[in-house]
Amino acid sequence: MAEKKTKKEPAAKKETKKAAAAKAAPAKVSSPETKMEGKPRVGVFICHCGTNIAGSIDIQEVEAYAKTLPNVAFAANYQYVCSTPGQKIITDAIKEHKLTGTVVAACSPRLHEPTFRTATKEGGLNPFRFEMANIREQNSWVHMHDREGATAKAKDAIRIAVAKASLLQDLIPKSVPVEKTALVVGAGIAGMQASLDLANAGIKTYLVEKLPSIGGRMSQLDKTFPTLDCSQCILTPKMVDVGRAPNIELMTYAEVESVEGYIGNFDVTIRKKARGVLSMAEAEAKGIAGGGCNGCGDCDVVCPVIKPNPFEMGMKPRKAIYIYHPQVVPLLYTIDFDSCIKCGLCVDSCGDKKAIDLEQKDELVKLKVGTAILALGYDIFPIDKKDEWGYKKYENVVTSLEFERLICASGPTGGHLVRPSDGQTPKKVAFLLCAGSRDNTGVGKPYCSRFCCMYSLKHAHQIIEKIPGCQPYLFYMDIRSFGKMYEEFYYRIQDEGAKFIRGRVSNILEDPETKNLFIMADDTLLDRPMKLEVDMVVLAAAVQPSADTDRTRKLFGVSCSLDGWLLEAHPKLNPCGTTTAGVFLAGACQGPKDIPDVVASAEGAASAASIPIHMGEVELEPYFAQCVEEKCAGCGMCVNLCPYQALSLVEKEGRKVMQVTEAKCKGCGTCGGFCPGGAIWMQHFATPQIVAQIDAFFLGGEH
Amino acid sequence: MREYAFFLGCIAPNRYPGAESASYRTAEKLGIKLLDLEGGSCCPAPGAFGSIDLNIWYAMAARNLVLAEQMKKDIALICNGCYKSIWEVNHKLKHNKELRDGVNEVLKGIDMEYKGTIDVWHLAELFYDPQIVGVQKIRDSVKVPLTGTRIAVHYGCHLMKPKKERHFGTTEHPTWMEEMVAALGAEPVEYRNKMLCCGAGGGVRGYDLVHSIDITNEKLINLKEVGVDALTEVCPFCQLQFDRGQIEIKEKFGVSYDLPVLHYCELLGLAQGMTPQELALDLHGISCEPFLQKVL
């Protein structure tokens, strides 16, 4: 398609000289006032988009029809209106035919509205005198096999757009300054990397993490593929950097409570959950000299309440006052107030440091930031839903994340892999790949979780290395070793003696006495069913968006896919942006990603989020409400309706009228639709404009 | 008294008439009146017919459904094979207009039309459903508790699977039939690979007998391992496979288990005071005598 785009039409060739001249003297027109001389004159430009549109819509017929519409002074069609010669047709026609408005019938405004606005502006019109008729996404693509119907629908769309373009007015966009601070939500490897990049670029960054420590999922891993370096060893230096960076303000055990405002000026409220322990800085601020938590752990020793440690997947105990593991950042204890019995033993053992406050309450902190990055991470799919594999029912069936803790030297068993049922070292371990991934039964997830193949290969390597004579069996569908040095790693594990069985496991049965597991599977390479007795089963469970993702994304107005993963503005060309200006995505909250991909995406998001901040100001679309003061009765009902707190009542000439804070208004139209006196003018979506569109549709263009 | 059109199927009336008579009589004691479905044919067998020509399977099952529609009664049945055919065809026809139109085109030849006005139920699920009967009512109806017996349950594949098109929750570790066995005073027994197929279904028995009874044999080994007095099921085809299959296993493999196999309705009939003669237990391939001695 791209090749076709650059192919020049003979007509365009003739004009290249002119185009070159136009380029040499760039038409820098800053929102000029359009001269209105009597009747509106609209130009209609119909795009073929190669065969995308022309394949199912009769362009000639539509053009001939457009020429018959009221107020249309010019109509033309072109192969690709978005191309340079295509845009030139628009700019030339505006000048030649003294147009007052333009309509391009092409793709979705999401794609090319900015392009055609610029072309309209270069032709000498105010850019907001342009209207787009979508005849591709909402027409030719969906009515591919109905040429007649699609052509008729294109005529309707153009007629409606012309009606609106006849009434469009000049609008002047507003520029607002951008706050020179950024917010990053989630302090896993994605959030940490993004914060470090922003901070190093000189931007004050608030890093908010819901857990007591930063590090995320990566801190739970033992080793990383394919290099086999220790996860904590490469992660902790970064954690320390984050803790120390002067430009990063770390807020752990905290959540985003609410978000208001817009790009450049977000007002964010953070809930700092009561952790019951004061940091040294907090203690100092309270006048406790030399006090505050130094992480000595004296409180931990005396606390009588024992709970499972979620960091260790519940396989190790923690107290009601706890840290997850010795390398936490910040090194600061936290009280789990749901299980604390407030016996006060910790307060006594803390002594003069006076770090513990059993009566601490949640605290709300207000921040002002220019841009925000969401790095919300992922969770493990509750694999017990696949009840044929017996997770939570059979003791020796574990998930991969549990395996990571069991094989990790700092884990609950000191790195000795043991069977949960009897503490014995397993001699035969089966790994079930695609456990709940690529699963169309309706129980699991339809997508590939992407990194399970690779970490399962790593797991196989680890048991071969650690337990002499232990045999790993990998049940797989395909091994997806897609990254740099990944395929080589796969060969290496094959050579080390791991057994690969291509086929899914239909059922697992447990021997009630030995607690061994019988795996029933189909070996699709040998085309026969098989049964295998093993000591332990590791499920490479699918991943899903983390529990808080949905709540947080709604605060920021970010959309998600059917599976709940956050949606980027464009999957290929704008992978870090979202449909909310100023909000960016990093890491696995967009979909399963391995560590290199997460870090790359985080760096991308940091770069994207720093651009508006370095620019210093951003232009807002001028779609805000305006009060027609002579009609406003000052009833104030709109003030309460506004979801963005953009409206207020003010005294003017002895009476009350409504006033709009333009920067806050999102142009949603709630007030304009409601106002009983018709006193609110929605710019670019004004009542006469919308009525004209409706009339055009129903009256078939005959006014 | 709730009324249902009782779809007999083929195996129960022909091989285990006791299961048929027990269904009528036990259901009546639990507030369910089973009405004869006049003119009912073979369901037809899902494996045998469905694997040769699906359209014949749809049309014949639809004919049986229309008979019940004409009675304006939901269908109740006691066989998993029938359940697969009648329930699933009803479900498919209700949700697929194209299929429904095709089937009605065929039915037109015998002046019938499928409308999709009734539902299909396995009698066992009606018994378990607390809105209709429920375990408590079953317990209350027991006159001769089966105390001291150890009974294992075979659910059968067509009743529970495919999971997407059934409504029983877990299909891998169900326990609702064990609850119904416990309600009779017996001790329900778990055993290895409980959800394995009986070996008969899907046309396997007709195609390859040795392969088929090999699967049955594996189940019987697993049952012997835990030691049970009887096996109960809710499918006469499974019953046939476990009961008469033991004779074939003895002939082909030289092993005997002598494990009595009873349809849940037969078991319930015994517990409600029906005599072995009324239940025609003497027609079983494997003698129920040792089990009866423990109970009566």
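The structure we're discussing is the one just above.
Remember, predicted model here, so these are calculated numbers, not experimental data. (Residues numbered from 1 in each chain as written. Chains lettered and ligands numbered in written order. Predicted model: local features only at pLDDT ≥ 70, side-chain atom pairs only at ≥ 80, totals over all residues. Heavy atoms only, no water.)

Peer 1: I would appreciate a short explanation of the overall build of chain B in the present structure.
Peer 2: Looking only at helices and strands, one finds 15 helices and eight strands in chain B. Whereas a compact globule of 296 residues would reach a radius of gyration of roughly 19 Å, chain B reaches 19 Å, a difference of no more than 12%. Viewed in the frame of its principal axes, chain B has a C-alpha envelope of about 55 × 45 × 35 Å. Buried positions account for 54% of the 296 residues belonging to chain B. Excluding contacts between residues fewer than 6 apart, the proportion of contacts in chain B whose partners are at least 24 apart in sequence is 76%. For chain B, the exposed surface amounts to about 12400 Å²; the carbon and sulfur share of it is 53%. Side-chain charges of chain B comprise 32 positive and 38 negative groups, with the mean position of each set lying 2 Å from the other. (Helix = DSSP H or I, 4+ residues; strand = E, 2+ residues; numbered from the N terminus. Rg over C-alpha atoms; globule rule 2.2 N^0.38 Å. Buried < 20%, exposed > 50% of the residue type's maximum accessible area, 1.4 Å probe, protein only. Contact = heavy atoms within 4.5 Å. Areas by Shrake-Rupley, 256 points an atom, 1.4 Å probe, with all protein chains shown as cover. Lys, Arg positive; Asp, Glu negative; His and termini not counted. Charge placed at Lys NZ, Arg CZ, Asp CG, Glu CD.)

Peer 1: Looking at this model, I keep getting lost on unusual backbone geometry. Mind explaining?
Peer 2: For residues besides glycine, phi is generally negative; the peptide bonds are generally trans as well. Here Val329(A) and Pro330(A) are connected by a cis peptide whose omega angle stands at -5°. Mapped onto the fold, Pro330(A) is located in the loop between β13 (321-322) and β14 (334-335). Pro162(B) follows Lys161(B) through a cis peptide bond whose omega is 0°. If you trace the backbone, Pro162(B) turns up in the loop between α9 (157-160) and α10 (176-182). Positive phi outside glycine occurs at Asn71(A), with the angle close to 75°. Relative to the elements of secondary structure, Asn71(A) occurs in the loop between α4 (59-67) and β2 (72-78).

Peer 1: Could you clarify how one ought to interpret the pairing of strand β1 (residues 2-7) of chain B in this entry?
Peer 2: Sheet faces and side chains relate simply in a regular strand, where the side chains alternate between the two faces. In terms of strand pairing, β1(B) meets strand β2 (residues 32-36) of chain B through five bridges, oriented parallel. For Glu3(B), the partnering residue across the bridge sits in β2(B) and is Lys33(B). (Pairing = 2+ DSSP bridges.)

Peer 1: Explain the sheet that holds strand β19 (residues 428-435) of chain A here, please?
Peer 2: In any sheet, the strands associate via hydrogen bonds between backbone groups, in a parallel or an antiparallel arrangement. All names here are of chain A. Spatially, the five strands line up as an open sheet ordered β18-β25-β19-β20-β21, and their pairing is parallel. The sheet terminates laterally at β18 (397-399) and β21 (499-502), the two strands that pair on one side only. In this sheet, adjacent strand axes meet at a mean angle of 25° when their direction is disregarded. As defined by bridge partners, β19 adjoins strand β25 (residues 536-541) across five bridges and the pair is classed as parallel. What sits directly across from Leu432, in β25, is Leu539. (Axes fitted to C-alpha atoms, helices over the stretch in contact; angles between N-to-C directions.)

Peer 1: Would you mind going over the pattern of salt bridges with me for this structure?
Peer 2: Where charged atoms of side chains with opposite charge meet at close range, the side chains can pair. Counted according to the given criterion, the structure contains 51 salt bridges over all chains. One connected set of salt bridges, linked through shared partners, spans Lys84(B), Glu88(B), Lys92(B), Glu165(B) and Arg166(B). (Salt bridge = Lys/Arg side-chain N within 4 Å of Asp/Glu carboxyl O.)

Peer 1: Is there a simple way to explain the interface of chain A and chain B in this structure?
Peer 2: Many analyses report the size of an interface as the accessible area lost when the parts associate. Every contact between the two is made by 14 residues of chain A and, on the other side, nine residues of chain B. Of the roughly 890 Å² buried between chain A and chain B on both sides combined, carbon and sulfur atoms contribute 44%. Of all residues in chain A, Asp387(A), Lys393(A) and Leu509(A) bury the most surface against chain B, accounting for 43% of the area lost on that side. Taken together, the links from chain A to chain B amount to two salt bridges. Lys531(A) is paired through a salt bridge with Glu218(B); the nearest N and O atoms lie 3.7 Å apart. At the boundary of chain A with chain B, the tally comes to three residue pairs in polar contact (both at pLDDT 80 or more). Sorting the residues of the side of chain A that touches chain B by element identifies β22 (505-510) and β23 (517-523) of chain A as the ones contributing at least two each. (Buried area = accessible area lost by both parts, 1.4 Å probe. Polar contact = N/O pair within 3.5 Å; in protein donor to acceptor, adjacent residues only side chain to side chain.)

Peer 1: I tried to follow empty space enclosed by the protein on my own but got confused; where do I start?
Peer 2: The gaps left among the atoms become clear once a water-sized probe is rolled over them. All names here are of chain A. Across all of its chains, the model carries eight cavities of 30 Å³ or more by this definition. Roughly 100 Å³ of volume is contained in the largest cavity. If you go around the largest cavity, you meet 14 residues; those closest to its centre are Cys303, Ala320, Cys340, Cys343 and Cys346. Among the residues making up the lining of the largest cavity, the classes are represented as twelve nonpolar, one polar and one charged. (1 Å grid on protein atoms, 1.4 Å probe; cavity = no way out; pocket = protein on both sides within 12 Å on 5 of 7 lines; lining within 4 Å. Points joined across faces, edges and corners; volume = space filled by probe spheres on them. Nonpolar A, V, L, I, M, F, W, Y, C, P; charged D, E, K, R; others polar.)

Peer 1: What exactly am I supposed to notice about the sheet that holds strand β8 (residues 248-251) of chain A here?
Peer 2: All names here are of chain A. Here we have five strands laid out as an open sheet, ordered β8-β7-β6-β16-β27, and parallel in their pairing. Looking at which strands have only one partner, the edges of the open sheet turn out to be β8 and β27 (583-585). Adjacent strand axes in the sheet meet at a mean angle of 20°, parallel and antiparallel pairs treated alike. Bridge count between strand β16 (residues 371-374) and β27: three bridges; the pairing is parallel. Pairing of Ala372 across the sheet is with Val583, part of β27. Helix α9 (residues 189-200) contacts β6 (181-185), β7 (204-208), β8 and β16 of the sheet and is inclined by roughly 165° relative to β7.

Peer 1: Looking at this model, I keep getting lost on the packing of helix α2 (residues 17-29) of chain B against helix α14 (residues 264-271) of chain B. Mind explaining?
Peer 2: In a pair of packed helices, the angle between the axes and the distance between the axes together describe the arrangement. All names here are of chain B. It is the contact of α2 with α14, at a shortest axis distance of 8 Å, that shows an interaxial angle of 60°. By the angle between their axes, α2 is oblique relative to α14. Every pair of crossing elements has a handedness; the one defined by α2 and α14 is left-handed. Each of Gly18, Ala19, Ala22, Ser23 and Thr26 in α2 lies in contact with α14, whose residues at this interface are Cys265, Glu266, Leu268 and Gly269. Considered class by class, the residues forming the contact of α2 with α14 number four nonpolar, four polar and one charged. (Parallel < 35°, antiparallel > 145°, perpendicular 65-115°, else oblique. Left-handed = near helix turned anticlockwise from the far one by under 90°.)

Peer 1: Help me out: how do you make sense of the nonpolar core in this one?
Peer 2: Buried together is how nonpolar side chains tend to be arranged in soluble globular proteins. Judged by nonpolar contacts, the single largest core of 96 residues is most densely connected at Ile32(B), Ile75(B), Phe127(B) and Ile138(B). With eight residues, the top contributor of residues to this core is helix α4 (residues 54-71) of chain B. Among residues more than four places away in sequence, those in contact with Ile138(B) are Leu30(B), Phe127(B), Val133(B), Met180(B), Ala183(B), Leu184(B), Tyr264(B) and Leu268(B). Grouped together as the second largest cluster of nonpolar side chains are 44 residues, Cys49(A), Val62(A), Leu125(A) and Ala150(A) included. (Core = buried A, V, L, I, M, F, W, Y, C linked by side-chain atoms within 4.5 Å.)

Peer 1: Whenever I open this one, the packing of helix α5 (residues 84-96) of chain A against helix α6 (residues 109-122) of chain A confuses me. Can you help?
Peer 2: All names here are of chain A. Two elements in contact, α5 and α6, have axes whose closest approach is 8 Å; the angle formed by their N-to-C orientations is 35°. The way α5 lies across α6 gives a crossing that is right-handed. Along its contact with α5, which presents Gln87, Ile90, Thr91, Ile94 and Lys95, the element α6 presents Thr115, Phe116, Ala119, Thr120 and Glu122. When the residues that make up the contact of α5 with α6 are grouped by side-chain class, the tally is four nonpolar, four polar and two charged.

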